[in-house]
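One-letter residues, chain by chain:
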Amino acid sequence: MHSPGSFFRFLQTPLNVVCAHNFSSTAIALILDFMAHDKTRDPVEVTTAMLEDRCFLYKDMQFPQKHKIYCSTFIITLLGSVHLTAVQGHAAVPSLKTDKLAYSGMQGAVGMSSAAVEHALTLIQKGHIDVNKSLKSIKGGKLSITLPKSLNKYTGKQTSTPYLFSDQYWGRAVRSYTYSLSTQGKDYIHNIIQLACETVWGTGVLSLSTEVGNDGPEELDECAYLCE
């Protein structure tokens, strides 16, 4: 049996295969649901606009404000539905500081949520996901997404690996978003978590500890400086 510490580290590991799939599939579903409410606009144009200056991160995408970054409906809903529901039922063991373990990875979870939404938008923008076909494929409330495949020149086989939400292709974005958020301080992260809690559970104020890393970025991209 895994110790509580190893279990929570498993949840917090950037782009752990299981977690990455959950974040990615949920992000794609959220974006497709958003697209389904306005079929008059071209999905490629919409996603291009959302990706410009990373408007999808802000609460108001039309009028982005720095103090509302990482507060978009997509980020908050994804954080609540995938991460918070996973750590909500953890066993409380004070001597092992399980509360701190469960919530200390929150800024990483926000970073992963942000990258997962960007990944979903990019798939649509580049034509790797056809919105109309995907919406028509829904059966029994289940969404079926088929990613394209390309030739792996080393194995000679067709693979969808380049289009997956993996550490190889999206790990840098996750770490960059996470670093960017860390510069905002504990109160800001706590407010984001509260928004996610209210979205998922309606009400409730959390008493939690969020560890904010202040180490300088290593091999990060421009996302790391979004809050500056």
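Parameters and conventions
- Residues numbered from 1 in each chain as written.
- Predicted model: local features only at pLDDT ≥ 70, side-chain atom pairs only at ≥ 80, totals over all residues.
- Heavy atoms only, no water.
- Helix = DSSP H or I, 4+ residues; strand = E, 2+ residues; numbered from the N terminus.
- Buried < 20%, exposed > 50% of the residue type's maximum accessible area, 1.4 Å probe, protein only.
- Contact = heavy atoms within 4.5 Å.
- Areas by Shrake-Rupley, 256 points an atom, 1.4 Å probe, with all protein chains shown as cover.
- Salt bridge = Lys/Arg side-chain N within 4 Å of Asp/Glu carboxyl O.
- Phe/Tyr/Trp six-rings, centres within 6.5 Å; stacked < 30°, edge-to-face > 60°.
- Polar contact = N/O pair within 3.5 Å; in protein donor to acceptor, adjacent residues only side chain to side chain.
- Axes fitted to C-alpha atoms, helices over the stretch in contact; angles between N-to-C directions.
- Parallel < 35°, antiparallel > 145°, perpendicular 65-115°, else oblique.
- Left-handed = near helix turned anticlockwise from the far one by under 90°.
- Nonpolar A, V, L, I, M, F, W, Y, C, P; charged D, E, K, R; others polar.

Chemist: Go over the overall build of the protein chain, please, and point to the residues and values.
Modeler: When its secondary structure is counted, the protein chain shows nine helices and two strands. Starting at the N terminus, the α and β elements of the protein chain follow one another as α-α-α-α-α-α-α-β-β-α-α. Here the protein chain holds 228 residues, and the buried ones make up 42% of them. Nonlocal contacts in the protein chain, meaning residues at least 24 apart in sequence, comprise 69% of its contacts between residues at least 6 apart. Surface summary for the protein chain: the accessible area is close to 12700 Å², and the carbon and sulfur share equals 52%.

Chemist: Run through the pattern of salt bridges, naming residues and quoting values.
Modeler: Taken as a whole and judged by the stated rule, the model has one salt bridge. One salt bridge in this structure joins Arg 175 and Asp 167, with 3.1 Å as the shortest N-O distance. By relative accessible area, Asp 167 is classed as partly exposed at 35%.

Chemist: Any chance you could break down the packing of aromatic side chains for me, citing the residues and the numbers?
Modeler: All chains considered together, the criterion is met by three aromatic pairs. Between Tyr 70 and Tyr 177 the ring centres are 6.3 Å apart and the planes differ by 90°, which places this aromatic pair in the edge-to-face class. Taken together, the residues Tyr 70 in the loop between helix H3 (43-51) and helix H4 (73-87) and Tyr 177 in helix H8 (residues 167-182) connect sequence positions 107 residues apart. Given a relative accessible area of 0%, Tyr 70 falls into the buried group. A residue is classified by how much of its surface remains accessible, and Tyr 177, at 0% relative accessible area, is buried. Their ring planes at 50° and their centres at 6.3 Å tell us that Phe 165 and Trp 170 sit as a pair that is tilted. Assigned by exposure class, Phe 165 and Trp 170 land together as buried.

Chemist: Break down unusual backbone geometry for me, citing the residues and quoting the values.
Modeler: It is generally the case that most residues other than glycine have a negative phi and that most peptide bonds are trans. Positive phi, normally seen in glycine, also occurs at Asp 53, with a value near 55°. Judged by its relative accessible area of 63%, Asp 53 falls in the exposed class. The phi dihedral of Arg 54 is positive, around 55°, even though this residue is not glycine. Within the element layout of this structure, Arg 54 appears in the loop between H3 and H4.

Chemist: Go over the side chain of Thr 47, please, and point to the residues and values.
Modeler: In this structure, Thr 47 sits in helix H3. Owing to a relative accessible area of 0%, Thr 47 belongs among the buried residues under this scheme. Polar contacts involving the side chain of Thr 47 include one to the main-chain carbonyl oxygen of Val 44, which spans 3.0 Å. Ignoring any residue separated from it by four or fewer positions in sequence, one finds Thr 47 in contact with Met 35, Leu 121, Ile 124 and Gln 125.

Chemist: Give me the lowdown on the environment of Leu 57, citing residues and values where you can.
Modeler: Assignment of secondary structure puts Leu 57 in the loop between H3 and H4. A sequence separation of 58 residues divides Leu 57 from Ala 115, and the C-alpha atoms of the two residues are 9.8 Å apart.

Chemist: Lay out the environment of Val 200 in plain terms, naming residues and giving numbers.
Modeler: Tracing the backbone through its elements, the reader meets Val 200 in helix H9 (residues 186-201). On a C-alpha basis, the gap between Val 200 and Ile 76 in space is 9.2 Å, while along the polypeptide they are 124 residues apart.

Chemist: Go over the packing of helix H6 (residues 106-125) against H8 with me, naming the residues and quoting the values.
Modeler: Two elements in contact, H6 and H8, have axes whose closest approach is 8 Å; the angle formed by their N-to-C orientations is 130°. Taken as axis vectors, H6 and H8 run oblique relative to one another. The two elements H6 and H8 meet at a crossing, and its hand is right-handed. Contacts from Gln 107, Gly 108, Val 110, Gly 111, Met 112, Ser 114, Ala 115, Glu 118, His 119 and Thr 122 in H6 reach Trp 170, Ala 173, Val 174, Tyr 177, Thr 178, Leu 181 and Ser 182 in H8. Here the residues of the contact of H6 with H8 are counted per class, giving eight nonpolar, eight polar and one charged.

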